Amino acid sequence: MGYADFLRKVPLFAELPDADLQRLCSMIKEVLLAPGQVLFSEGDPGEEAYVIAEGEIEIVKASAGREVLLAVRASGDVIGETALLEMAPRNATARARGACKLLGIHKTLLDELVQGSASAARVMFFTVLARWRATGSMLRQSEKMAQLGTLTAGVAHELNNPAAAVQRGASQLADALTALLDAERALGQIPATKQFALTTELLRDAAASGARRPPNLDALSRGDREDEMEAALDARAIADAGDLAPVLVTLGYDAAWLGAIAGQVGADNLPVVLRWLAGTYLVWNRLAEIAQGASRISEIVKALKGYAYLDQAPVQDVDVHEGLDSTLVILRHKLKAGIKVTRAYAPDLPRITAWGSELNQVWTNILDNAADALADRIADGSAEITIRTRREGDFVVVELSDNGPGIPPEIQDRIFEAFFTTKPPGKGTGLGLDISYRIVVHRHRGDIRVASRPGQTTFTVKLPINNAADAGKGPTLNAVPPPSDAELKKILTGVHTIAVVGMSSKPDRPAYQVPAYLQEHGYRIIPVNPTLTEALGEKAYPELGAVPDPVDAVLLFVRSEAVPPIVEQAIEIGARTVWMQEGIINLEAAERARAAGLTVVMDRCMRATWQRLLAPA
């Protein structure tokens with residue numbers, strides 16, 4: 001069957017010469033899928049790309065034990081090309097939503113197409129780039145949710161034991177109080193003498209003290225002493241010897257003491273005094289258990305608040321040691337399985353200006369990976385994680401080491417890449433260290449490196465103590481202050497023409513929805529995207545420098561790394577404002593724009609800002 005007319009409508013093949021297109025049609029393979037049938041699975045080798053002729057294909061990726069739906073591709077879409085271009089395994093699974101017909105293109109044919117057609121290469125580049133962004137954004141959100149789920153499960157696990165202890169102690173305390181009240185009434189029937197009152201007062205204090213600080217006895221010694229005490233109680237014909245003996249031994253008493261106390265309170269009164277003493281001890285013991293459980297709960301909640309920096313400003317003076325300790329508490333359910341943690345903290349480590357909760361994400365990602373790497377060492381008890389801190393000039397240095405198998409040298413340069421993971425499909429997204437790198441390097445202007453060999457892997461994180469814009473100013477992590485609401489309102493009311501770099505033609509994308517909304521509210525939108533000819537009724541331009549009309553503001557929908565050259569073009573064409581859409585941050589480019597006299601807005605949605613500040617009430 002001929003597919004030339006159909007393929008001519010697909011952007012990837014739109015500009016192919018007729019001869020090449022006919023050759024392509026003669027070499028493609030038709031693939032039919034039943035509903036629910038898998039085309040390829042995550043981790044499979046990639047040999048073919050596919051053009052969807054009929055039906056829909058859902059692209060899913062396993063993340064934290066569940067499937068994340070990345071996209072649904074329909075007729076005319078190309079899928080599976082990324083694995084061929086990267087010569088890497090499939091990074092997601094493709095599955096038919098219904099009956100589907102696809103056109104398979106072998107790797108050698110796709111290579112010829114990309115190498116021989118500049119238009120095809122350009123379309124392929126922007127297709128892969130757009131999918132990389134969309135996949136990254138979705139999986140980062142999934143990674144955050146998965147991490148939140150892991151932390152929640154860990155905290156719940158840690159809270160379960162002390163909460164159960166409090167509940168159990170409260171229940172047992174009610175029975176112990178009833179028994180003590182009965183014992184107090186029996187004790188009140190004994191005629192009080194000065195010696196008797198003094199003895200019972202001392203016994204009450206001993207019971208309270210013993211409940212808070214029980215003796216450290218091994219099981220064998222305790223068993224022998226309990227047997228001896230029980231025999232001494234039986235010799236005196238005291239009932240409930242089996243219940244009384246463990247309490248008396250816990251309080252540090254022996255058979256000799258039993259004889260001495262009998263002389264002080266009277267042999268006839270001894271059973272009543274002992275039952276009262278046991279009841280007093282049990283009440284204090286249950287109270288101690290409840291207090292200990294409540295204290296443990298309080299400790300976990302405090303650690304959780306410290307981990308998340310609840311009720312605090314996002315940027316503050318951070319104690320790195322507190323963040324590390326809070327993270328260890330949050331991960332205790334995983335570490336206590338048999339991993340020894342050694343902390344070698346510098347006593348004089350200064351506080352740093354930072355996003356505390358984000359740094360704790362870094363510690364969590366690294367320590368969680370270390371715990372996974374030590375799984376095989378837990379059985380023999382040799383698993384160990386060491387955390388060291390020190391100061392180096394104007395930096396705080398944190399080293400997190402484990403004695404696991406190490407990272408192979410050939411992949412050490414790739415571990416901070418997005419989506420790169422050594423874990424099997426479904427066990428990791430390859431974003432944990434990518435997120436850590438972004439937080440340390442881009443967010444805090446620090447450095448993170450790894451050194452690894454069998455038996456030792458060390459992640460070294462360097463963070464500036466006082467990240468100031470210049471020596472004469474106070475500490476700040478963002479040298480470009482965010483505009484106030486008044487400034488934002490002035491920008492929005494003073495702008496008429498907006499060049500949208502990275503404009504999309506797909507209505508479900510923010511890069512289309514936001515400009516469309518702004519156009520509806522009186523702004524002129526100029527699309528800038530080399531893959532478009534027009535959008536929203538306006539001619540599209542391949543780059544910002546090609547826009548012939550005056551531009552008031554440049555709205556960016558591109559990766560943060562791609563911002564600097566666009567800022568240079570914005571300066572050249574005389575734009576007044578550079579607005580980086582939500583999620584886009586590039587401090588260096590922002591500083592360059594400000595130095596050239598432009599107003600800069602970062603990490604903020606223009607549509608949401610307009611709705612908040614200018615929409616009618």
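Check the entry above for the structure.
To keep things clear, this report deals only with the structure shown in the data block.

Description of helix H7 (residues 219-235)
Every α-helix winds through 3.6 residues per turn, so residues three or four apart in the chain are directed the same way.
Part 1 of the argument: Here H7 spans 24 Å end to end across 17 residues, near enough to the 24 Å set by a 1.5 Å rise per residue.
Part 2 of the argument: Ala237, located one to two residues past H7, shows a positive phi value of around 60°.

A short note on the nonpolar core
Part 1 of the argument: Of all hydrophobic cores here, the largest spans 40 residues; its most connected members are Ile352 and Trp363.
Part 2 of the argument: Sorting elements by how many residues they give to this core places helix H13 (residues 356-373) first, with seven residues.
Part 3 of the argument: Ignoring any residue separated from it by four or fewer positions in sequence, one finds Ile352 in contact with Gln316, Asp317, Val318, Val320, Leu359, Val396, Leu463, Pro464 and Ile465.

Notes on unusual backbone geometry
Part 1 of the argument: Residue Ala237 is not a glycine yet carries a positive backbone phi of 60°.
Part 2 of the argument: Checked against the element boundaries, Ala237 lands in the loop between H7 and helix H8 (241-250).
Part 3 of the argument: Unlike most non-glycine residues, Asp603 shows phi in positive territory, near 55°.
Part 4 of the argument: Checked against the element boundaries, Asp603 lands in the loop between strand E22 (599-601) and helix H19 (606-613).

Here we look at the sheet that holds strand E12 (residues 384-392)
Part 1 of the argument: In space, the five strands of this open sheet follow the order E10-E12-E13-E15-E14, with mixed pairing throughout. Bordering the open sheet on either side are strand E10 (340-344) and strand E14 (447-453), each of which pairs with just one other strand. Sheet twist, expressed as the average angle between the axes of neighbouring strands with direction ignored, equals 15°.
Part 2 of the argument: Alignment of E12 against strand E13 (residues 395-402), held across eight bridges, turns out to be antiparallel. The residue bridging Ile387 from the neighbouring strand is Leu400, located in E13.
Part 3 of the argument: Across the sheet, H13 lies against E12, E13, E14 and strand E15 (456-464), angled at about 20° from E13, the strand it touches most.

With respect to the packing of aromatic side chains
Part 1 of the argument: Taken as a whole and judged by the stated rule, the model has three aromatic pairs.
Part 2 of the argument: Between Phe40 and Tyr50, the ring centres sit 6.3 Å apart and the planes meet at 25°, which makes this aromatic pair stacked. Of this pair, Phe40 sits in strand E2 (residues 38-40) while Tyr50 sits in strand E3 (residues 48-54); the two residues are ten residues apart in sequence, bridging distant segments of the chain. Like Phe40, the residue Tyr50 is buried in the burial classification.
Part 3 of the argument: For the ring pair Tyr253 and Trp257, a centre distance of 3.8 Å and an interplane angle of 0° mean the geometry is stacked.
Part 4 of the argument: Classification of Tyr253 as buried rests on a relative accessible area of 15%.
Part 5 of the argument: The buried category is assigned to Trp257, whose relative accessible area is 16%.
Part 6 of the argument: Lys462 extends its terminal NZ or CZ atom over the ring of Phe395, reaching a point 5.1 Å from the ring centre.

Let's talk about the pattern of salt bridges
Part 1 of the argument: Under the criterion given, the structure shown has 18 salt bridges.
Part 2 of the argument: A salt bridge links Lys101 to Glu54; the shortest N-O distance between them is 3.6 Å. Taken together, the residues span a long stretch of sequence, with Lys101 in strand E8 (residues 100-106) and Glu54 in strand E3 at a distance of 47 residues.
Part 3 of the argument: For Lys101, a relative accessible area of 15% puts it in the buried group.
Part 4 of the argument: Here Arg612 ties to Asp485 by a salt bridge, and the two come within 3.0 Å at their closest N and O atoms. With Arg612 in helix H19 and Asp485 in helix H15 (residues 485-494), the pair connects residues that are 127 residues apart, well separated along the chain.
Part 5 of the argument: Residue classification places Arg612 among the partly exposed residues on the basis of a relative accessible area of 46%.
Part 6 of the argument: Residues participating in the shared-partner salt-bridge network are Arg390, Glu392, Glu399 and Lys462.

Overview of helix H16 (residues 510-520)
Part 1 of the argument: All of the buried residues in H16 are Ala511, Val514, Pro515, Ala516, Tyr517 and Leu518.
Part 2 of the argument: Along its buried surface, H16 packs onto strand E16 (497-501), strand E17 (524-528), strand E20 (553-556) and H19.
Part 3 of the argument: Remark: Gly522 follows H16 within two positions and exhibits a positive phi of approximately 100°.

Reading the values: rules and limits
Residue numbering note: each chain is counted from 1, following its sequence as written. Residues qualify for local features only when their pLDDT is at least 70, as the model is predicted, and side-chain atom pairs are given and counted only at 80 or more; totals for whole chains, interfaces and linings, by contrast, use all residues. With hydrogens and water set aside, each side-chain value is computed from the structure's full complement of heavy atoms. Numbered from the N terminus, helices here are DSSP runs of H or I no shorter than four residues, and strands are runs of E no shorter than two. Each helix should span, by expectation, one fewer than its residue count multiplied by 1.5 Å. Think of a nonpolar core as a cluster: buried Ala, Val, Leu, Ile, Met, Phe, Trp, Tyr and Cys residues, connected wherever their side-chain atoms sit within 4.5 Å. Classification of residues uses two cut-offs on accessible area relative to the type maximum, computed with a 1.4 Å probe and protein chains only: under 20% is buried, over 50% is exposed, and between them is partly exposed. For this analysis, residues touch if any pair of their heavy atoms sits within 4.5 Å. Paired strands are those between which DSSP finds at least two bridges. Axis lines are fitted through C-alpha atoms, for helices just across the contact stretch, and the angle between N-to-C directions can take any value from 0 to 180 degrees. Only Phe, Tyr and Trp rings are paired, with Trp represented by its six-membered ring, and only when their centres lie within 6.5 Å; those with planes under 30 degrees apart are stacked, over 60 edge-to-face, the remainder tilted. Whether a charge lies above a ring is judged from NZ of Lys or CZ of Arg, which has to be within 6 Å of the ring centre and within 35 degrees of the ring normal. Salt-bridge detection follows one rule: a side-chain nitrogen of Lys or Arg within 4 Å of a carboxyl oxygen of Asp or Glu.

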